[in-house]
Amino acid sequence: MIFRIIKKTELEKLFNVLSDENRIIGPVEVGRDQDSQAIYGFRDVADFRQLALDYTTTSLPAKKYFLPYKEDMATFRIDGKDWQKTVDYNIDAPFVFFGMHACDINALNKLDKVLMGSVYPMPYYAAKRQNAFIIGIDCEPQTYCFCRSMGADTVLHGFDMFITDLGNRYFVEIQSDTAYNLLKKVRAEEPLESDHVEYMHVISEKKKKFTAQVDTTDLTKILDMEFQSDVWKQWGEKCLGCGTCANVCPTCYCYSIEENVRIDLKAANKNKILYSCNLIDFAEVAGGHNFRPERHSRLKYRYYHKHRGFVEAYEESLCVGCGRCGEACLADITVPEVISSVRGETS
Ligand code: SF4
Ligand code: SF4
């Protein structure tokens, strides 16, 4: 990996160079909560001053730009005996993601494995992923962040460059040729030994700030042993089956397909809609049989997919510990609490 140091003023220049020709998406403040704390979201950004680079976790993840909640997969037109199918991967230009946290980049890396690296890659996702230039940025751990437990507080690939705030300058990690060449357009210097030392100090101070955690030791084994545990029923009684957790999760990718035929039968379209395994009809099949009619069993399977099945398939969890699901859940169900209770540490 190649490293550089840039002054903070150079970052704005970098933004301007990129914004001349590209759509830029970045973190901005979108409102305030009842405690007057800022709420952040990813939006199109036209001016560097709109960016909130010191943002805390956005309510919705970056996933929506790569895996939209609703997407047309194909449209059909029928004219007499002729019919035409049009497939649009819904990508028209490269775009820049300016300021993505490590957990969200790690989430995309996990989605890549399923949606690009499996037997049936998803071209709709791949087209967007390969068209994105990603600038990662370091962050301050919040009380709900347990990314460190999930090994997602740092990231080694899946971005073009990653910047870490060293006070009056940024420490830049370069991962792609595009980023290397882009940095030639601003003043970037080779880091000194003192920059390395300061970078390591910043990283080590960050580690100390994590408060939430999940013990993943032997977790797959414990989940196998606790499959019939009453713990799942207890959480199921609290769960509202609303699906919000999957909606805000950067790694949930389950979807359903909807086909709509125009009333005159001359046109149709096929949509992909992100779905949640917590919704009541997720496991309902033709004929009306529902394999998971109870909330507790749906909640349980969400946890087994993230922390058991995915680990078996890819040797890593499908959770990056961003804490979004716990923050958004109206029933106050959080991953650290659920896992801790399954481990028998809390009741
Ligand atoms: S765990 Fe929370 S957010 Fe998820 S479905 Fe249940 S109530 Fe909704
Ligand atoms: S399960 Fe919750 S904590 Fe884990 S990645 Fe999804 S939203 Fe984040």
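Residues numbered from 1 in each chain as written. Chains lettered and ligands numbered in written order. Predicted model: local features only at pLDDT ≥ 70, side-chain atom pairs only at ≥ 80, totals over all residues.

Caption draft 1: Expanded view of the sheet that holds strand S2 (residues 23-32). Taken in spatial order, the eight strands of this open sheet run S3-S2-S6-S7-S8-S9-S1-S10, and their pairing is mixed. In the strand order of this sheet, the two ends are held by strand S3 (38-44) and strand S10 (188-189), each with one partner. In this sheet, S10 lies alongside strand S1 (residues 2-7) in antiparallel orientation, the contact comprising two bridges. Pairing of Ile 5 across the sheet is with Glu 189, part of S10. (Pairing = 2+ DSSP bridges. Helix = DSSP H or I, 4+ residues; strand = E, 2+ residues; numbered from the N terminus.)

Caption draft 2: Focus on unusual backbone geometry. Positive phi, close to 65°, is recorded for Ser 36, a residue that is not glycine. As for its position among the elements, Ser 36 is in the loop between S2 and S3. The exposed category is assigned to Ser 36, around which 6 C-beta atoms lie within 10 Å. The phi dihedral of Asp 332 falls on the positive side, at around 60°, and the residue is not glycine. As for its placement among the helices and strands, Asp 332 is situated in the loop between helix H10 (324-328) and helix H11 (335-342). (Buried ≥ 20, exposed ≤ 12 C-beta atoms within 10 Å, placed from the backbone.)

Caption draft 3: Structural view of the domain arrangement of the protein chain. Examined at the domain level, the protein chain breaks down into domain 1 (2-70 + 84-208) and domain 2 (219-342). Computed from C-alpha atoms alone, the centre-to-centre distance between domain 1 and domain 2 is 27 Å. Of the residues lining the interface, 26 residues belong to domain 1; the matching set on domain 2 comes to 19 residues. Looking at the side of domain 1 that touches domain 2 element by element, the count peaks at nine residues for helix H2 (residues 102-115). Among the residues making up the side of domain 1 that touches domain 2, the classes are represented as 16 nonpolar, five polar and five charged. (Domains from an automatic or database assignment. Contact = placed C-beta atoms within 7 Å. Nonpolar A, V, L, I, M, F, W, Y, C, P; charged D, E, K, R; others polar.)

Caption draft 4: Structural view of the site of ligand 2. Around ligand 2, 13 residues are found, and the nearest of them are Cys 249, Cys 319, Cys 322, Arg 324 and Cys 325. Here the shell around ligand 2 is composed, by residue class, of eight nonpolar, three polar and two charged. (Near = placed C-beta within 6 Å.)

Caption draft 5: Geometry of the site of ligand 1. Surrounding ligand 1, one finds 13 residues, the nearest of these being Cys 239, Cys 242, Cys 245, Asn 278 and Cys 329. Across the shell around ligand 1, the residue classes break down as nine nonpolar, four polar and no charged.

Caption draft 6: Representation of the environment of Gly 41 within the structure. Within the secondary structure, Gly 41 sits in strand S3. By C-beta crowding, Gly 41 is classed as partly exposed, having 15 other C-beta atoms within 10 Å. Once the C-alpha coordinates of Gly 41 and Gly 31 are considered, the two residues, ten residues apart in sequence, prove to be 9.0 Å apart. Residue contacts for Gly 41: discarding those within four places in its chain leaves Val 28, Val 30, Thr 58, Ser 59 and Leu 60.

Caption draft 7: Quick look at the packing of helix H7 (residues 231-238) against helix H9 (residues 295-314). In contact at an axis separation of 8 Å, H7 and H9 are set at 110° when each is read in the N-to-C sense. If you check the angle between H7 and H9, you find them roughly perpendicular. Crossing geometry of H7 relative to H9 is assigned as right-handed. Of H9, the residues touching H7 (which contributes Trp 232, Lys 233, Trp 235 and Gly 236) are Arg 295, His 296, Leu 299 and Lys 300. (Axes fitted to C-alpha atoms, helices over the stretch in contact; angles between N-to-C directions. Parallel < 35°, antiparallel > 145°, perpendicular 65-115°, else oblique. Left-handed = near helix turned anticlockwise from the far one by under 90°.)

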